[in-house]
Amino acid sequence: MSDVVLGAESHEVHDPYPGLSSNSSTGVSHAKMGMWIFLASDCLLFGAFISAYLLYNGRAQQGPTPGDVINIPFTSTSTFVLLMSSLTMVLAVSSAHRGDERRLRLWLVTTAILGASFIAGQVYEFTTMVQEGLGYTTNIFGSSFYSLTGFHGVHVTIGIILLLIMLGMSLRGRLPKAKAEVVEVIGLYWHFVDVVWIVIFTVVYLIHK
Amino acid sequence: MSDQPIANYEHAGEGDIALEHAASDKTYVLVAVFLAVMTGLEVLVSYTRDQLGPFHDWALIILMAIKFICVCLYFMHLKFDHAMTRRVFFFGLSVAVVVYCGMLGTFHYWASGFR
Amino acid sequence: MAIVEAPQQLTVPEPALPEATPMGVFQRPTATTGWRSWVTTIDHKKIGKMYGFMSIIFFIIGGVEALLIRTQLATPNGTLLSAQVYNEVFTMHGTTMIFLVVMPLGVAFMNYFIPLQIGARDVAFPRLNAFGFWTFLAGGIILNSSFLLGGAPDNGWYNYAPNSLVVYSPTHGVDFWTVGLITTGLASLVTAINIITTVINMRAPGMTWFKLPVFTWMSLVGQFMLLFAIPVLTAAQFMLLFDRRFGANYFEVAQGADPLLWQHLFWIFGHPEVYIMIMPAFGMTSDIVPVFSRKPLFGYKVMVLSGIAIGFLGWGVWAHHMFTSGMGPVSVAAFAVGSMTIAIPTGVKIFNWMATMWRGQIRFTTAMLFAIGMFTMFTLGGVSGITHAVSPADTQQHDTYYIVAHFHYVLFGGAFLVFMGAFYYWWPKMFGHKLSEKLGHWNFWLMMIGFNLTFGPQHILGLQGMPRRVYTYLPGYGWELWNMVSTIGSYILALSVLLFIINVVYSRRKAHAAGQFTCEPDPWDARTLEWTTSSPPPEFDFYEIPDVQDLDEAWHRKYAEDENGRLVRIAKMEDVMDKPNGKTPHMPSPSYWPIVAAFSVMLIGYGIIFSLALCAVGVFLLFVSTVAWGVEPSTHEEVPPAEPPSPDTGETGAAREIHEVGANV
């Protein structure tokens, strides 16, 4: 804890209103700190769905099992797409910090398109699975699988909307270098969605029986 | 600096300084290439269930953990940011891992590996 | 890079960014009085008061439900309630008291006093704070409206699946329960994020971790637990909701589901939850006892560390609620040992409170009485808690009134008693006048007598084998006497609550009739930073952000030790308090969007229960309001700077940047 204590002690000499500006005892802005705290909490949300899925894995009484419907080559591709969207997101953050608004918009659009491709892939995957006989209510695997991946999909969709809002803000000149941190904080959310998918891809798709 | 100075960041929070200088775009691309390779490796491993036997699942879990940590440290800047952000996030993550693994343990889940 | 500027940039007076036009639907609210000011407020003090007010309203509702339960059980073969209504009433009693009374009452005090205790002007995200309150209220309305809209939940506050599936609970009651609690869960989540960020980031200069008042510390620990516990409940409730509304199979045993999944998820949330409720109460006791003993808190660091230890251990004991579920001997043994270890840090706290009082100059004010009442009653509840940790004994006690007695001793006797004390303690700071001490003493003693008469006999009933949740019983089991005593006690308890409300009204009338709207800053000769502001504090809390030197800052401004080590008064609080310095800090402006966003969450909630079309309307409205919220600047552009920026500090320029980043996320 020592460095935090130091942070508070060496606290702004220059800012008379530490309580009100985004100046903070730690030097991390409120928004970023708040986002990290939220992400820490979200770990527990996904953890519950993942562990419910794992617990029920192999217990389906009827209908298709993971081995019947999971298409590893296809999902690997969409995993790769989401991974690359994380790269473009971090490049967007980097452009924002440099004040390069043109590149910022370029990378934001790329990230949003990659995210949307991932969602499109998920829609295609779900449709195929339903055609193969795995509905949401078919069995315990269907319910836990669709709920888990669906929750993740909702997170990605919210992320895409946030990216588009940032794109609009940037087009109206409201994401100058000075506000690069907005991009960074939304970026944290986006990367989190990506790491959740890293876990889902491994435990749901690759370690299925 | 920009012609629109923003007045509200204190004397260089340690995290922020670091963010600017710690990682270049080149690093990010390298990390992404590394992650892509790891993903490819994962997919490869997933087809060797019969050869690897009981190590198959754990090999995948280890690869997953490496990818997870890489994204957190580099893309999410945890490596360069204030210690508090690391603490908060990894604390939540550890609570999640410990509690849910414990829960699965009460179902004797680990006795049979990932079923 | 942009967000790190050299310090001299602070002198630039201009706002850094072009001010955005708020979405042209509403004029920016400007009212500072009247109902409009309450609806649009983002001031942590007003929000804290609203939390307190609504908690008391819900407490009255939950209390009436409790009286119905006790009246039904007063005699054998009670006929006041049918079995179905009885189920609904005890379910709603538990849900209301936990989620709509004890938790938000803690949040009320945290909201009001954490910024004051750490020397900040507001919380980190003021609009999110308002959103949290209105979402909590929306959840409370959804839950309680179930009585009028086809039946309340009827499965107990834990709603064990599969008993809560449509087959066994065909009304919409359980849907109201899941949706209502997901909504209040959202409120808890944003409030936890807000309070944690505030404490981590907004401590005044010099306010290091080990100078934080204990109330702030314990609230921080509690909010961290809430942060990690609430998503577990939310996930479980989503599963239940999907099962009930969309035909998922999470808890369909015929499909291979395991009923223990719900129990585990619920108690992974549920056990930290009890610490979430008691943590702020520990903190309040640790603040009140030293003040009225005129001694520093005994073992401050140990108190803090034991609180953190409880916070950690509280995560490893959830399955002691499930000893009779057949988990297997290894799990039961592990969780029994874990549960017993929690008694160690808790015992440390109790001994430290006693050591604080030891040889102190104790003043038996109402607040002090409630604090002492808290830790005596909590000790009783803790001792019966240890008997549950002994798993063989728990098998006998499980699902009997012994359990009911235990958790009322810790939650009512522990948390709620000291919340009452906190009202008496902090009332002058919040409202500018004290509550009547004379009525307060009556309030305290009536509450103690009523409480012990109500819940003491339930230990005996439980050990005699009376099960929980039975709506009536036959004569001849030997339960008649103690049930009657318990019912009489509950009416005495109700009388004491009535006396509190009378005290509030009476004291307010008396003060206002005497023209007293403010009082001295430090009426109790107290120790922590909130007492260095005027009573009530100005809108911006502090004219001058304090420079904190000591733990118990307020005390050290007033007292010092002479050369013989004796305590001498060196100043009056009136002289060393935070005083007007001619500057008026610029605060964030009120906003309509938090309440609009919370309202749309409520629409989504009702939509999930009744019609997905309503849900779509809610989602659209939520989208509009959050975008509008995001683009709305945190301060109203037409508000002129309070004064020209002074060149050496430039605080106006800095202040105009209030929460700029946070506000847009």
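Residues numbered from 1 in each chain as written. Chains lettered and ligands numbered in written order. Predicted model: local features only at pLDDT ≥ 70, side-chain atom pairs only at ≥ 80, totals over all residues.

**Examining the overall build of chain B**
Then comes step 1: Counting its regular elements, chain B contains five helices and zero strands.
Then comes step 2: Moving toward the C terminus, one meets the helices and strands of chain B in the order α-α-α-α-α.
Then comes step 3: Scored against the burial criterion, the 115 residues of chain B give a buried share of 37%.
Then comes step 4: Put simply, 58% of the contacts in chain B that link residues at least 6 apart link residues at least 24 apart. (Helix = DSSP H or I, 4+ residues; strand = E, 2+ residues; numbered from the N terminus. Buried ≥ 20, exposed ≤ 12 C-beta atoms within 10 Å, placed from the backbone. Contact = placed C-beta atoms within 7 Å.)

**Describing the overall build of chain C**
Then comes step 1: If you tally the helices and strands in chain C, you get 21 helices and two strands.
Then comes step 2: In terms of overall size, chain C behaves like a compact globule, its C-alpha atoms giving a radius of gyration of 26 Å where 665 residues would be expected to give roughly 26 Å.
Then comes step 3: A buried classification covers 57% of the 665 residues belonging to chain C. (Rg over C-alpha atoms; globule rule 2.2 N^0.38 Å.)

**Some thoughts on the packing of helix 2 (residues 30–56) of chain A against helix 7 (residues 180–206) of chain A**
All names here are of chain A.
Then comes step 1: Put simply, helix 2 and helix 7 touch, their axes get as near as 11 Å, and they point 15 degrees apart. One element, helix 2, and the other, helix 7, form an angle in the roughly parallel class. The two elements helix 2 and helix 7 meet at a crossing, and its hand is right-handed. Mapping the contact onto sequence places Ala-31, Lys-32, Met-35, Leu-39, Asp-42, Phe-46, Ile-50, Tyr-53 and Leu-54 in helix 2 and Glu-181, Glu-184, Val-185, Leu-188, Tyr-189, Phe-192, Val-196, Val-199, Val-203 and Val-204 in helix 7.
Then comes step 2: Looking at the contact of helix 2 with helix 7 residue by residue, the class counts come to 15 nonpolar, no polar and four charged. (Axes fitted to C-alpha atoms, helices over the stretch in contact; angles between N-to-C directions. Parallel < 35°, antiparallel > 145°, perpendicular 65-115°, else oblique. Left-handed = near helix turned anticlockwise from the far one by under 90°. Nonpolar A, V, L, I, M, F, W, Y, C, P; charged D, E, K, R; others polar.)

**Describing helix 9 (residues 329–341) of chain C**
Then comes step 1: In this model helix 9 of chain C runs 19 Å from its N-terminal to its C-terminal C-alpha over 13 residues, within 8% of the 18 Å that 1.5 Å per residue would give.
Then comes step 2: Within helix 9 of chain C, the full set of buried residues consists of Ser331(C), Val332(C), Phe335(C) and Ser339(C). Each buried residue of helix 9 of chain C sits inside an arc of 95 degrees when the element is viewed along its axis, so together they form one side. Residues of helix 9 of chain C that are exposed and angled more than 90 degrees away from the buried face: Pro329(C), Val330(C) and Ala333(C).
Then comes step 3: Where helix 9 of chain C is buried, its residues contact helix 5 (83–106) of chain B together with helix 11 (366–389) and helix 12 (391–397) of chain C. (Expected span 1.5 Å × (residues − 1). Arc of directions from axis to C-beta.)

**Here we look at the environment of Met573(C)**
All names here are of chain C.
Then comes step 1: Position of Met-573 relative to the elements: it lies in helix 17 (residues 573–576).
Then comes step 2: The spatial distance from the C-alpha of Met-573 to the C-alpha of Lys-558 is 6.3 Å, given a sequence separation of 15 residues.
Then comes step 3: If we ignore the near neighbours within four places in the chain, the residues touching Met-573 are Pro-521, Asp-522, Trp-531, Thr-532 and Lys-558.

**Here we look at the packing of helix 2 of chain A against helix 6 (residues 140–171) of chain A**
What describes two packed helices is the angle between their axes and the distance between those same axes.
All names here are of chain A.
Then comes step 1: Packing of helix 2 against helix 6 leaves a shortest axis separation of 9 Å and a crossing angle of 160 degrees. Taken together, helix 2 and helix 6 sit at an angle that is classed as roughly antiparallel. Crossing of helix 2 over helix 6 shows left-handed handedness. Every residue of helix 6 that contacts helix 2 at Phe-49, Ile-50, Ala-52, Tyr-53 and Tyr-56 is listed here: Ile-140, Phe-141, Ser-144, Phe-145, Ser-147, Leu-148 and Phe-151.

**Description of helix 5 (residues 173–201) of chain C**
Since the α-helix advances by 3.6 residues per turn, residues separated by three or four positions end up pointing in the same direction.
Then comes step 1: For helix 5 of chain C, which comprises 29 residues, the first-to-last C-alpha distance of 41 Å matches the rise-based estimate of 42 Å (1.5 Å per residue) to within 8%.
Then comes step 2: Across the 29 residues that make up helix 5 of chain C, a large majority, 29, are buried.

**Considering the environment of Ile113(A)**
Then comes step 1: Looking at the element boundaries, Ile113(A) is found in helix 5 (residues 101–131).
Then comes step 2: Each C-alpha atom, one on Ile113(A) and one on Thr127(A), is 21 Å from the other, the two residues being 14 residues apart in sequence.

**A word on the confidence of the model for chain B**
Then comes step 1: Across chain B, the average pLDDT comes to 80, with 77% of residues at 70 or higher.
Then comes step 2: Every residue in residues 1–18 of chain B is under pLDDT 50, and counting partners more than four places away or in other chains gives 66 contacts. (pLDDT = per-residue confidence, 0-100.)

**Observations regarding the confidence of the model for chain C**
Residues and elements named next belong to chain C.
Then comes step 1: Put simply, chain C has an average pLDDT of 90, and 91% of its residues get 70 or more.
Then comes step 2: This stretch, residues 1–25, has a pLDDT under 50; its non-local contacts, to residues over four places away or in other chains, come to 64 contacts.
Then comes step 3: Scored below 50 in pLDDT, residues 638–665 makes 83 contacts in the model with residues more than four places away or belonging to other chains.
Then comes step 4: Across the interfaces of the predicted complex, the ipTM metric reaches 0.90, alongside a pTM of 0.90.

**With respect to unusual backbone geometry**
Leaving glycine out, the prevailing phi sign among residues is negative, and the prevailing peptide bond configuration is trans.
Residue and element names in this part refer to chain C.
Then comes step 1: Look at the link from Ala-161 to Pro-162: it is a cis peptide, with omega at 5 degrees.
Then comes step 2: Here Pro-162 lies in the loop between helix 4 (126–145) and helix 5.
Then comes step 3: Each neighbour pair has its own omega, and for Ser-535 with Pro-536 the value is -10 degrees, a cis peptide bond.
Then comes step 4: Checked against the element boundaries, Pro-536 lands in the loop between helix 15 (480–513) and helix 16 (553–558).
Then comes step 5: Even without a glycine there, the phi angle at Asn-159 is positive, about 45 degrees.
Then comes step 6: Given 23 C-beta atoms within a 10 Å radius, Asn-159 is considered buried.
Then comes step 7: One non-glycine residue, Arg-359, lies in positive phi territory at about 60 degrees.
Then comes step 8: Within the fold, Arg-359 resides in the loop between helix 10 (343–357) and helix 11.
Then comes step 9: With 9 C-beta atoms counted inside 10 Å, the residue Arg-359 sits in the exposed group.

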